[in-house]
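Descriptive structure summary
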Amino acid sequence: MLVPISWLRDFVDIDVPVELLAERLTVAGLEVAHLKYIGLPQQSVEGVRMPRSDHLVWDRDKLLLARIVEVKAHPNADRLVLAMVDYGGERPEQCVTGATNLFRYKDAGPIDPPIWSAFAMEGAEVWDGHSDKPKRMTLKGKELRGIYNKSMVCSEKELGISDEHEGVIVMEHEAHYVAGAPLADVLGDVVLDIEFTPNLARCFSMIGVAREVAAILGVEMRYPSFDFLAEGEPIEGQVHIDIREPALNPRFTLALLRDTEVKQSPFWMQHRLKLIGQRPRNNIVDVTNYLTFELGQPMHAFDYDKLVERAGGTPTIITRLPESGEQLETLDDVLRDLGRETILVADSAGALSLGGVIGGGDSEINDTTRNVLLEAAAWNNISIRKTLREQKVHTEASTRFSRGVHPSQAILGCGRGIELMRQLGGGTVARGLLDAYPVPPEQVTVEVSIERIEGLLGMKVTIEQAAQVLRRLEFEVTVAGDLIRATAPDHRLDISADPLVGQHDLLEEIARIIGYDQIPDTIMADEMPPQRENTTVLIEERIRDILVGSGLYETINYRFTSRESEAQLAPSGAQSSLPQADYVEIANPAASERDALRHTLMINMLETAANNARYQTTQQVFEIGKVYLGAGELLPEEPLRLGILLTGPRNPAWWGGAGSAGDMDFFDMKGVVESLMHALHISDFSMKRGTHSSYHPGRSADLLVAGACIGSFGELHPEVAARFKLTDAKVIYAEFAVEPLIWQQQRLHAIEALPTTPAVLEDIALVVNADTPASEVEAVIRQAGGRLLKEALLFDVYTGDQIPAGKKSLAYALTYQDENRTLTDKNAAKIRRKIIGAAQHRLKAELRA
Amino acid sequence: MSDSIAEIRRDALDALRTVTDRDRLADWRSQYLGRRGAVSALFGTIGGLPPEERASFGQRVNALRQELDQAFEARENLVQSHLLARDLEEGEIDISLPANPRERGGLHPSTRTHREFQMIWADMGFQVYQSRDVEADEFNFTLLNLPPHHPARDMQDTFYTKDPRVLLRTHTSPGQIRAMRELGDGGTKPIRVILPGMCYRQEQVTARSEIQFTQVEGLAIGRNIRMSDLKGTIAEFAKRMYSPTAKVRYRASYFPFTEPSMEVDVECFLCGGEGCRVCKYTGWLEIAGSGMVHPDVLRNGGYDPSQWSGFAFGMGPERITMLKHGIQDIRYFWGNDLRFLQQF
């Protein structure tokens, strides 16, 4: 909300720089987001930093309050006039001006009463009113169509007040105006842009902010008068109120003004409305807007005669819920279907307005209105919120009512509103106000001991200090011993009747007004809970470290996807191997391709890989994150998964030639998986040929840990890869459940002692059937080699001309070693014979020459 | 036979003088001193000699072998020192040629910041408690003092699921209720946890806002937890996370689940509080929302608010990461462009 400091000063004396006030308000919870300066200089305050403002600062000697005493024709130009300006000098200054709003005074003799305006002398700096972009200019003397001119009467744009440049500023006479006074003292201002959290509903007005300022600065609050001069027929009998839903409409008040004139508001009213971003309309509507912002009590003005006409007699204002199928065309020219939740202001002829939100067109004030019925009511804020959601409409009134306006304010608004209308438009106010108040809220009184305050704040506070803060905030406070009893003021709805919650409410008020900076910093003296390690976090972080150590980069993807996207992960005609679970579907997705939560990490990892493929040939990445599996319960299961993706050349291109190692394949992933298992010291793992449909049917494996499958890895099915345009190199992917690894990893493991005896190394090459798995050959070798065979490393796989078709040659580097003695050639030969024998016997292998 | 010894000696020494590299050294050695070399051959002829000559012949062959061994050793030393000298002289490489690249791998920047958080909080006795992403409306809002239609629900643009009772958590705060109920043992045990995790909001994705983001929530429950403890704890965190001299500012604020509530600002570490573009010329950076746990929330967690109190805070690691590394666009985080990830 925009809050001009000049308006605040109506209610409270502010004896600190605006910049300091802004800082104090901000730390007290009214965040001042921005200060807009009008003519006044920005001040520097110790300890307060503000963005530097580049506004125009009004020269106190050259920009003056002045009165235009006469307007004469320009002898050489029809579209220019000569304004005779009394700026306090010895004789009036003649200004050549094209201001259209002065033309009507042309050659009409002295203006009575004179018009007050803003006068810029030679040498004054102003904004260039004719420039589209902000451009400063300094006034210099020059001839304008033959008449010398060195000063001017200013528009709002030239002063930086608004973009208005149609005419010059025209102000009505005020008692304290003196020609030649610095303009800065009259129109200089600073507008605070304050953001309110939902608990500060009471602050949504000048008076609301002024109360806070008064409490923060410790000064008196000065309320405006809510009395009104009423000399007309009593209002009773001229209109009736019928509240049918008191819970939704706890109060409804009406005042009546007869024989008034609808016209433009005076300058001060228009100026204030413009300062806060409101467009002035006419004196009646302007008053309702003005009070919405001044008091925080939104109001509505009806054309009384139209109501009489609609009712065919004395109107009755009815507040009620809509009838089925009821419609209303509102002031924004929208014909609205009224749902069952919307509370209406109506009369016997039908709906008049959406209560507390927006008026209807039918009973609107227009230029011919003479009798005005003014409404100030209270509405249930939840009900208003439902209306807003249903009708998708927001107004200044609904902003306030949806957060909560205390019903006590209605009568104040009604009184002040009708009086202002009378002052601006004339007429006679009916005596009395009509006040239907079926549900007054209960007064809330909270009791709190000073011990409790001190105990929760951790700060020394005297009971007098606490009581005074609350009094400054207009609580009624009594102190008895160490107990404070505080009754919340009428304008507050945020103090809870629950004794403990109410105490916290008071605590917050005391702390923020004294200042959070006054509370000391302490170290918790309370009992420390037992420190338990989080095993899931530990293993997650361990896996991250292991994979990063293997040269992989961690990614974190969106957890959103769509059913259709994940369906792409199975080749056509194949059953998907993804979890058979319900999707968590988003009712209001950000995009249709993100309308569900993922069942697998694969989908987003492939999409990311496709993005990265535009820039990088080699990708080695992983992600640890949740997948979301609906299981028929209210909430889905959220198991943790590890996804790994490898693609592209094994070694990056290099001038030294290492790039020849080819593209990564299944075995690179197998290496990552094995090294992960080894690093976690999980010994009980194995792999078997996989069946997951997202992979190439011949190039995938399942990973079994402690006998249970925890996921699969392999070369992505070419059809799936093609869908993601990942066709330049094979994509190798792995996905595993993380939780099973927690229980299987060995936290303690024994190491093997380093042998002191020499090892015997030798190579053998076995020719076996091409379809014999290497794992089987290795198993036979290891079993035959027994305890003394320490290592059997496959270093070559050969198929080709030198061996028969349908065969392959597997070459192993064997290491024999006995920890207890040095092996002789004879010992080694014996092991070798056993290995070859077993291979011949069990695998029908032949030793390759 | 002595002729043959002398002849071999002369040939060998002559030949050795021309040897200048390791291969020919080895050749020479095997030619003369190897198992099938000339000296061995001489020993092999001993058997064919008359017995009275055998001893003296044997001695001379032995002497020859010793002499050749020594000569070899000397020559080897000479060759090696020459080779070394030449290598040092001629073996210069262009060290400006590009390196053979190593893939070093790297953690996601978000993980790095979370680890930093977790370490600091662990030192203050806050353990990690993980809570779920898909939440009941009840936990995300109602139990946190945000009943249906509460104005503060407007502060958060919520992703709802097709079951209106279920949503994607908009903040890590529902974990407070779960932690209290799980660790509090019916409201009888103190708690000190942090709750890191992914949160979701239905927002326009721009350089400054994302539909998913991480938060770290903190919660301390005890019999005598004071607002001053909250301030002291946060100040300690700020000292470790930002700078030992970091100034902290507290502003009154509003969160439905804490009261009193406050926002915590730390002096902008980029400009030292002087005011810069990043801190919008205020000298302050917002780092946390916090407050004393609301009595209703304590009750919903199973604690008696007249006997127990607590504080809670919430922080946004992405923002801190962005500030520390000058990241201008929050979309970098889940975009996973390797060119971004490789910079950490």
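Residues numbered from 1 in each chain as written. Chains lettered and ligands numbered in written order. Predicted model: local features only at pLDDT ≥ 70, side-chain atom pairs only at ≥ 80, totals over all residues. Heavy atoms only, no water.

Residue and element names in this part refer to chain A. With antiparallel pairing, three strands are arranged side by side in an open sheet as β26-β28-β27. With one partner strand each, in any of the chains shown, β26 (445-449) and β27 (476-480) form the two edges of the open sheet. When the angles between neighbouring strand axes are averaged without regard to direction, this sheet yields 20°. By the bridge criterion, five bridges tie β26 to strand β28 (residues 483-487) in an arrangement that is antiparallel. (Pairing = 2+ DSSP bridges. Helix = DSSP H or I, 4+ residues; strand = E, 2+ residues; numbered from the N terminus. Axes fitted to C-alpha atoms, helices over the stretch in contact; angles between N-to-C directions.)

Attention now moves to the sheet that holds strand β38 (residues 760-769) of chain A. Residue and element names in this part refer to chain A. Spatially, the four strands line up as an open sheet ordered β39-β40-β38-β41, and their pairing is antiparallel. The two strands at the open ends of the sheet, each matched to only one other strand, are β39 (789-798) and β41 (846-847). Inspection of the sheet shows β39 paired to strand β40 (residues 807-816) by eight bridges, in the antiparallel sense. Paired with Leu789 across the strands is Tyr816, a residue of β40. Each of β38, β39, β40 and β41 touches helix α22 (residues 825-843); the most contacted strand, β38, lies at about 10° to it. (Contact = heavy atoms within 4.5 Å.)

Moving on, we come to the side chain of Asp505 of chain A. Its place among the elements puts Asp505 of chain A in helix α14 (residues 499-514). The buried charged residue Asp505 of chain A lacks any salt bridge, with Arg492 of chain A as its nearest oppositely charged partner at 7.4 Å. (Buried < 20%, exposed > 50% of the residue type's maximum accessible area, 1.4 Å probe, protein only. Lys, Arg positive; Asp, Glu negative; His and termini not counted. Salt bridge = Lys/Arg side-chain N within 4 Å of Asp/Glu carboxyl O.)

We now examine the packing of aromatic side chains. Within the structure shown, the criterion is met by 29 aromatic pairs over all chains. Ring centres of Phe713 of chain A and Phe736 of chain A lie 6.3 Å apart, and the angle between their planes is 70°; this geometry places the pair in the edge-to-face category. Linking Phe713 of chain A in strand β36 (residues 708-716) with Phe736 of chain A in strand β37 (residues 731-737), this pair joins segments that are 23 residues apart in sequence. Each of the two residues, Phe713 of chain A as well as Phe736 of chain A, counts as buried. The interplanar angle of 70° and the centroid separation of 6.3 Å between the aromatic rings of Phe333 of chain B and Phe340 of chain B together place this pair among those described as edge-to-face. Side by side, Phe333 of chain B and Phe340 of chain B carry an identical accessibility label, which is buried. Clustering of aromatic rings is evident, with ring pairs tying together Phe117, Trp121, Phe126, Phe237, Phe311 and Phe313 of chain B. Taking NZ or CZ as reference, Lys106 of chain A lies 5.6 Å from the ring centre of Phe103 of chain A, over its face. (Phe/Tyr/Trp six-rings, centres within 6.5 Å; stacked < 30°, edge-to-face > 60°. Lys NZ or Arg CZ within 6 Å of the ring centre and 35° of its normal.)

With that settled, consider the packing of helix α7 (residues 283-294) of chain A against helix α11 (residues 408-425) of chain A. Residue and element names in this part refer to chain A. Two elements in contact, α7 and α11, have axes whose closest approach is 9 Å; the angle formed by their N-to-C orientations is 145°. α7 and α11 meet at a crossing whose hand is right-handed. Residues Asn283, Ile284, Val287, Thr288, Tyr290, Leu291 and Glu294 of α7 lie in contact with α11, whose contacting residues are Gly413, Arg416, Gly417, Leu420, Met421, Leu424 and Gly425. Grouping the constituent residues of the contact of α7 with α11 by class yields seven nonpolar, five polar and two charged. (Left-handed = near helix turned anticlockwise from the far one by under 90°. Nonpolar A, V, L, I, M, F, W, Y, C, P; charged D, E, K, R; others polar.)

Residues and elements named next belong to chain B. At a minimum axis distance of 9 Å, the contact between helix α5 (residues 109-123) and helix α10 (residues 317-325) shows a crossing angle of 105°. By the criterion of interaxial angle, the relationship of α5 to α10 is roughly perpendicular. Contacts between α5 and α10 involve Pro109, Ser110, Thr113, His114, Glu116 and Phe117 on the former and, on the latter, Pro317, Glu318, Ile320, Thr321 and Lys324. Per-class residue counts for the contact of α5 with α10 are four nonpolar, four polar and three charged. (Parallel < 35°, antiparallel > 145°, perpendicular 65-115°, else oblique.)

Tallied over the entire structure, the rule returns 77 salt bridges over all chains. Two residues, Glu454 of chain A and Lys460 of chain A, come together in a salt bridge whose shortest N-O distance is 3.2 Å. Here Lys460 of chain A falls in the exposed class, since its relative accessible area comes to 68%. Residues joined by salt bridges that share partners form a network here, namely Glu23 and Glu31 of chain A together with Arg249, Arg251, Asp265 and Glu286 of chain B.

Tracing the backbone through its elements, the reader meets Glu156 of chain A in helix α3 (residues 156-159). A distance of 3.5 Å separates a polar atom in the side chain of Glu156 of chain A from a polar atom in the side chain of Lys274 of chain A. (Polar contact = N/O pair within 3.5 Å; in protein donor to acceptor, adjacent residues only side chain to side chain.)

With that settled, the discussion passes to unusual backbone geometry. Here the amide bond leading from Asp112 of chain A into Pro113 of chain A is cis, since omega sits at -5°, within 30 degrees of zero. Within the secondary structure, Pro113 of chain A sits in the loop between β5 (93-97) and β6 (115-120). Backbone torsion omega between Glu259 of chain B and Pro260 of chain B reads -5°, so that peptide bond is classified as cis. The phi dihedral of Tyr281 of chain B is positive, around 60°, even though this residue is not glycine. Examined against the element boundaries, Tyr281 of chain B turns out to sit in the loop between β7 (258-267) and β8 (284-293).

With that settled, consider helix α2 (residues 18-27) of chain A. For α2 of chain A, a buried count of seven out of ten residues is recorded, marking the element as mostly surrounded by other parts of the structure. Within α2 of chain A the residues assigned to the buried category are Val18, Glu19, Leu21, Ala22, Glu23, Leu25 and Thr26 of chain A. On its buried side, α2 of chain A packs onto α1 (5-8), β2 (31-38), β12 (189-195) and α5 (206-217) of chain A together with β6 (248-255) of chain B. Gly29 of chain A occupies a position one or two residues after α2 of chain A and carries a positive phi of about 105°.

Residues and elements named next belong to chain B. Overall, the prediction assigns chain B a mean pLDDT of 92, with 99% of residues at 70 or greater. Looking across chain B, the model is least confident in helix α1 (residues 2-17), with a mean pLDDT of 86, and most confident in helix α9 (residues 295-300), with 98. Confidence metrics for the complex model read pTM 0.88 and ipTM 0.89. (pLDDT = per-residue confidence, 0-100.)

What follows deals with the environment of Ala436 of chain A. Residue and element names in this part refer to chain A. For Ala436, the position within the fold is in strand β25 (residues 434-436). Classification of Ala436 as buried rests on a relative accessible area of 18%. For the pair Ala436 and Phe252, spaced 184 residues apart in the sequence, the C-alpha separation amounts to 5.2 Å.

Attention now goes to the interface of chain B and chain A. On the chain A side, the residues contacting the 106 residues of chain B number 93 residues. In total, about 8400 Å² of surface goes out of reach between chain B and chain A, with carbon and sulfur atoms giving 56% of it. When residues of chain B are sorted by the area they lose upon contact with chain A, His149, Arg192 and Leu338 of chain B head the list and together hold 8% of the total. Across the chain B-chain A interface, the total number found is ten salt bridges. At the boundary of chain B and chain A, one finds 56 residue pairs in polar contact (both at pLDDT 80 or more). Considering each element in turn, the side of chain B that touches chain A owes the most residues, seven residues, to helix α8 (residues 227-241) of chain B. (Buried area = accessible area lost by both parts, 1.4 Å probe.)

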